[in-house]
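Notes for the structure review
Residue-level listing of the chains:
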Amino acid sequence: MFSKLSAGMFIQKLELQRKAIVIQPEWPESLKKLLKQSLPSPDSPIDELNYLCFDYETTGVDVCKDSILSMGFIHLHHKQIELESAQHHYINAKQRIQPSSAVVNHILSEDLYDGIALDNAMDLLFQNMLGKVLLVHGACIEKAFTEYYLKKRFGLSKFPIIWLDTLQIEKKLIYRYSTVNSYQLNDLRENYRLPDYPGHNALNDALSTAELYLAQVNKLFCHSNYQPLLKTLFRTEVY
C-alpha cells in the first residue's frame, strides 16, 4: 500500500502514474499541459518550489450529492505570496443553496447568478496548477471534489499531482514543538499570531493557508542548517 512507501518513493510512484495516463485529444489544453508536466523531485528544496494555494466552498462534503459553490486561489513562490495572482470565482451551476450551507459559508443563490460555469472555473484552476505543488488546509474536500470532477467529466481515474496539507503538517510535524486543541484553520492561525480573517470565503482561506504554511516552515526550519526538502513535508499516509 502507498502508506507504507517513503515520501520519496510515493512521489516517484505518482510520476509513473502521470506518465502512464493516455491523454485524450478532446481534453482541455489546461489539463493536457498539466498532465504532461513532470512532478517535482522529492529532493526539491521547498523554498524553490512554486505553490498554488486554493480552497473550495461547497454545499456539503459528499462529492456525489454536493456541489462546488466557489473557488479561490493564490500563488506562493520563494516565501512570497503573490497577491496579484489572487482569483475568486463563484460557480453558476444552477445548484440549490441549502440553508445549512448558507449558514456556514454565507453564499446565497443570488451570489451565483453572475458566476462562471464549473468547466470554465476548473479550466482556470488547471491553468494555475501548472508547475505547482498544491497547498491546502484539510485536503480531503479539495482533493475529493477535484478528483470526482475529473472522473465524471473526463473518465480520469487518477490525478497524480502533489498535495501538501497544512493541517497534516501541523499534526505530523509541529506536534513535537507545541500542543494544539484545534486544527481548524483560524485556530491554528491564532496560535501563530497571524491576523484574523473572515472564514469560509474561498480566497480568504487560500490566503490564510499560504500564510499559515510560511509560519509553519519558519517554525520548523528557522534554526536548521540544511535546506528542507519536499519529501520532508510530504506525508504519504494522508493521500
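Here is a short report on the structure shown in this document. Because the structure is predicted, anything quoted here is derived from the model rather than measured.

Section: the overall build of the protein chain
- Counting its secondary structure elements, the protein chain contains 10 helices and 5 strands.
- When the 239 residues of the protein chain are sorted by exposure, 47% land in the buried category.
- Counting contacts in the protein chain only where the partners sit at least 6 residues apart, residues at least 24 apart contribute 68% of the total.

Regarding the environment of S85
- Residue position: S85 is located in strand β3 (residues 80-90).
- On the basis of relative accessibility, which here comes to 12%, the residue S85 falls in the buried class.
- Sequence-wise, S85 and H75 are 10 residues apart; in three dimensions their C-alpha atoms are separated by 6.0 Å.
- Discounting chain neighbours no more than four positions away, the residues touching S85 are F73, I74 and H75.
- In this structure the side chain of S85 is engaged in a polar contact, spanning 2.6 Å, whose partner is the backbone oxygen of E82.

Examining the nonpolar core
- Judged by nonpolar contacts, the single largest core of 30 residues is most densely connected at F54, Y56, L125, F126, M129, L150 and F159.
- Going through the elements one at a time, α2 (29-36), β1 (50-58), β2 (68-77), α5 (118-129), β4 (133-136) and α6 (139-154) are the ones with two or more residues in this core.
- A per-element tally of this core places α6 first, with 6 residues.
- If near-sequence neighbours (up to four positions away) are discounted, F159 is found in contact with L34, L35, F126, M129, T146, E147 and L150.
- Counting residues in hydrophobic clusters, the runner-up holds 27 residues, among them Y51, L173, Y213 and F234.

Some words on the packing of aromatic side chains
- Tallied over the full model, the rule gives 8 aromatic pairs.
- On the numbers, 5.8 Å between centres and 45° between planes, the contact of F54 with W163 is tilted. Taken together, the residues span a long stretch of sequence, with F54 in strand β1 and W163 in strand β5 (residues 163-165) at a distance of 109 residues.
- Accessibility expressed as a relative area gives 1% for F54, which makes it buried.
- For W163, a relative accessible area of 1% corresponds to the buried category.
- These aromatic residues form a ring-pair network of at least three members: W27, F126, Y149, F154 and F159.
- Stacked on the ring of Y183, the Lys or Arg K171 has its end atom at 5.4 Å from the ring centre.

Notes on the packing of α5 against α6
- Remark: α5 packs on α6, axes separated minimally by 12 Å, with the N-to-C direction vectors making an angle of 115°. α5 and α6 meet at a crossing whose hand is left-handed. Every residue of α6 that contacts α5 at L118, D119, M122 and F126 is listed here: T146, Y149, L150 and R153.
- Looking at the contact of α5 with α6 residue by residue, the classes come out as 5 nonpolar, 1 polar and 2 charged.

As for the pairing of β1
- With 8 of its 9 residues buried, β1 lies for the most part within the structure.
- Here β1 runs beside β2; their pairing, made up of 9 bridges, is antiparallel. The residue of β2 that forms the bridge with C53 is I74.
- Note: β1 against β4, 3 bridges, orientation parallel. Directly across from C53, in β4, lies its bridge partner L135.

Here we look at the pattern of salt bridges
- In this structure the tally under the stated criterion is 7 salt bridges.
- For K79, the salt bridge goes to D47, with nearest N and O atoms at 3.7 Å. With K79 in the loop between β2 and β3 and D47 in the loop between α2 and β1, this residue pair connects regions lying 32 residues apart in the sequence.
- With a relative accessible area of 53%, K79 lands in the exposed category.
- In this structure, R189 engages E211 in a salt bridge whose closest nitrogen and oxygen atoms are separated by 2.8 Å. Taken together, the positions of R189 in helix α8 (residues 185-191) and E211 in helix α9 (residues 202-221) put the pair 22 residues apart, joining distant regions of the chain. E211 shares its class with R189; the two are buried.

Criteria and cut-off values
- Residues numbered from 1 in each chain as written.
- Predicted model: local features only at pLDDT ≥ 70, side-chain atom pairs only at ≥ 80, totals over all residues.
- Heavy atoms only, no water.
- Helix = DSSP H or I, 4+ residues; strand = E, 2+ residues; numbered from the N terminus.
- Buried < 20%, exposed > 50% of the residue type's maximum accessible area, 1.4 Å probe, protein only.
- Contact = heavy atoms within 4.5 Å.
- Polar contact = N/O pair within 3.5 Å; in protein donor to acceptor, adjacent residues only side chain to side chain.
- Core = buried A, V, L, I, M, F, W, Y, C linked by side-chain atoms within 4.5 Å.
- Phe/Tyr/Trp six-rings, centres within 6.5 Å; stacked < 30°, edge-to-face > 60°.
- Lys NZ or Arg CZ within 6 Å of the ring centre and 35° of its normal.
- Axes fitted to C-alpha atoms, helices over the stretch in contact; angles between N-to-C directions.
- Left-handed = near helix turned anticlockwise from the far one by under 90°.
- Nonpolar A, V, L, I, M, F, W, Y, C, P; charged D, E, K, R; others polar.
- Pairing = 2+ DSSP bridges.
- Salt bridge = Lys/Arg side-chain N within 4 Å of Asp/Glu carboxyl O.

So, to be careful, I would describe these as geometric facts and stop short of saying anything about function.
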